[in-house]
Amino acid sequence: MNSASAPPALRFENVEKRYGNLFALRQVNLNVFAGETIALAGRNGSGKTTLLRVAAGLVRPSRGTVTIDGQSDPRVAACQLAGFVGHQTMLYEELTAEENLRLFARLHGLNDAGSRLGTVLGDAGLLERRASLVRTFSRGMRQRLTIVRALLHRPALLLLDEPATGLDVPGIAWLAETLRRLQAAGCTMLFSVHGASEISALATRALRLEAGAIVADSQSGANTTSILSLAGS
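Residues numbered from 1 in each chain as written. Predicted model: local features only at pLDDT ≥ 70, side-chain atom pairs only at ≥ 80, totals over all residues. Heavy atoms only, no water.

This part takes up the overall build of the protein. Scanning the protein from N- to C-terminus turns up seven helices and nine strands. For 233 residues, the compact-globule formula gives about 17 Å, and the C-alpha radius of gyration of the protein, at 17 Å, lands near that figure. Among the 233 residues that make up the protein, the fraction classed as buried is 50%. Restricting the contact set of the protein to residue pairs at least 6 apart, pairs at least 24 apart contribute 66%. Averaging the positions of the 25 positive and the 19 negative side-chain charges in the protein gives two centres separated by 4 Å. (Helix = DSSP H or I, 4+ residues; strand = E, 2+ residues; numbered from the N terminus. Rg over C-alpha atoms; globule rule 2.2 N^0.38 Å. Buried < 20%, exposed > 50% of the residue type's maximum accessible area, 1.4 Å probe, protein only. Contact = heavy atoms within 4.5 Å. Lys, Arg positive; Asp, Glu negative; His and termini not counted. Charge placed at Lys NZ, Arg CZ, Asp CG, Glu CD.)

Given below as structure tokens:
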């Protein structure tokens, strides 16, 4: 999976992100190889969200280079290859669930998405609400729809910022099973978590961030479970 002959699916080289005098990321060097499932752990403000947003091409680094599948413009590469779920759903509330997905499909040039909508909405438990306006959805239903949207174009790289936020117990079970299937299919995943959970248990590798820097990496010998348990909240 991470053999020297295989180029990384995602690479950070000396990446920094500053907001004035505040460092959100400090000298981040990271290789993520195809098929890895990586959990990002750390306290609030440690840099997890910034790292994911930089990887998704939503935030420009102040210094350094990010490449996805060898492409040096992460904004273009992320749009083509990555799915992103952030703290905000970025759904259109005055559109229905199905209309949101169809709009996303058109923006990404997905010609076959229409035939899949019933299946993906059904898997997420939203089929009966496909014609309902998103503004009528609960927080958990919106989160499910956001996750479905991120998966619609079958991304090779999935970036998730605390994806279980707002989900109830059945929703978390659905998310865990969805990620498990993607993992088995070889999808590369990078997600932020707070401590050990059903989602973090899927991780094949864990990173812990403090003050914008990677301070522990299970690839370097530390135990994945230990990194997650030390992350705190």
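What follows continues from the structure just given.
Now for the packing of aromatic side chains. Here the structure, examined in full by the defined rule, presents zero aromatic pairs. A cation over a ring is seen here: Lys17 above Tyr19, with NZ or CZ 5.0 Å from the ring centre. (Phe/Tyr/Trp six-rings, centres within 6.5 Å; stacked < 30°, edge-to-face > 60°. Lys NZ or Arg CZ within 6 Å of the ring centre and 35° of its normal.)

What follows deals with the nonpolar core. Core analysis: the largest hydrophobic core is formed by 39 residues, its most contacted members being Leu101, Leu145, Leu152, Leu158 and Leu179. Those elements that place two or more of their residues in this core are strand S3 (37-41), helix H3 (97-107), helix H4 (117-123), helix H5 (139-151), strand S6 (157-161), helix H6 (169-184) and strand S7 (188-192). Element by element, the count of residues in this core is highest for H5, at six residues. Counting 24 residues, the second largest nonpolar core, distinct from the first, contains Val15, Leu30, Ala56 and Leu190. (Core = buried A, V, L, I, M, F, W, Y, C linked by side-chain atoms within 4.5 Å.)

Extensive coverage of helix H1 (residues 48-55) is indicated by the burial of six of its eight residues. Buried within H1 we find Lys48, Thr50, Leu51, Leu52, Val54 and Ala55. Looking one or two residues past H1, Gly57 carries a phi angle of roughly 75°, positive in sign.

Okay, H6 next. An ideal rise of 1.5 Å per residue puts 22 Å on 16 residues; H6 measures up with 23 Å between its terminal C-alpha atoms. If you check which residues of H6 are buried, you get Gly171, Trp174, Leu175, Ala176, Thr178 and Leu179. In the core, the buried residues of H6 are packed alongside H4, H5, S6 and S7. N-capping of H6 is provided by Asp168, with a side-chain oxygen placed 2.8 Å from the backbone N of Gly171. Just downstream of H6 lies Gly186, where phi reads positive at about 95°. (Expected span 1.5 Å × (residues − 1). Polar contact = N/O pair within 3.5 Å; in protein donor to acceptor, adjacent residues only side chain to side chain.)

Counting buried positions along S3 yields five of five residues, so the element is predominantly enclosed. Every second residue of S3 is oriented toward a common face, with Thr37, Ala39 and Ala41 on one face and Ile38 and Leu40 on the other, all of them buried. In the sheet, S3 pairs with S7 via four bridges, with the strands oriented parallel. Within S7, the position partnered with Leu40 by the bridge is Ser192. Two elements, S3 and strand S8 (residues 205-210), share four bridges in a ladder whose sense is parallel. Each bridged residue has a counterpart across the sheet, and for Ile38 the counterpart in S8 is Arg205. (Pairing = 2+ DSSP bridges.)

Before going further, it helps to examine the sheet that holds strand S4 (residues 63-68). The sheet built from three strands is open, its strands ordered S2-S1-S4 with antiparallel pairing. The sheet is open, and its two edges are formed by strand S2 (22-32) and S4, each paired on a single side. Each strand of the sheet is rotated relative to its neighbour by a mean of 20°, with strand direction disregarded. Relative to strand S1 (residues 10-19), H1 is tilted by about 120°, and along the sheet it contacts S1, S2 and S4. (Axes fitted to C-alpha atoms, helices over the stretch in contact; angles between N-to-C directions.)

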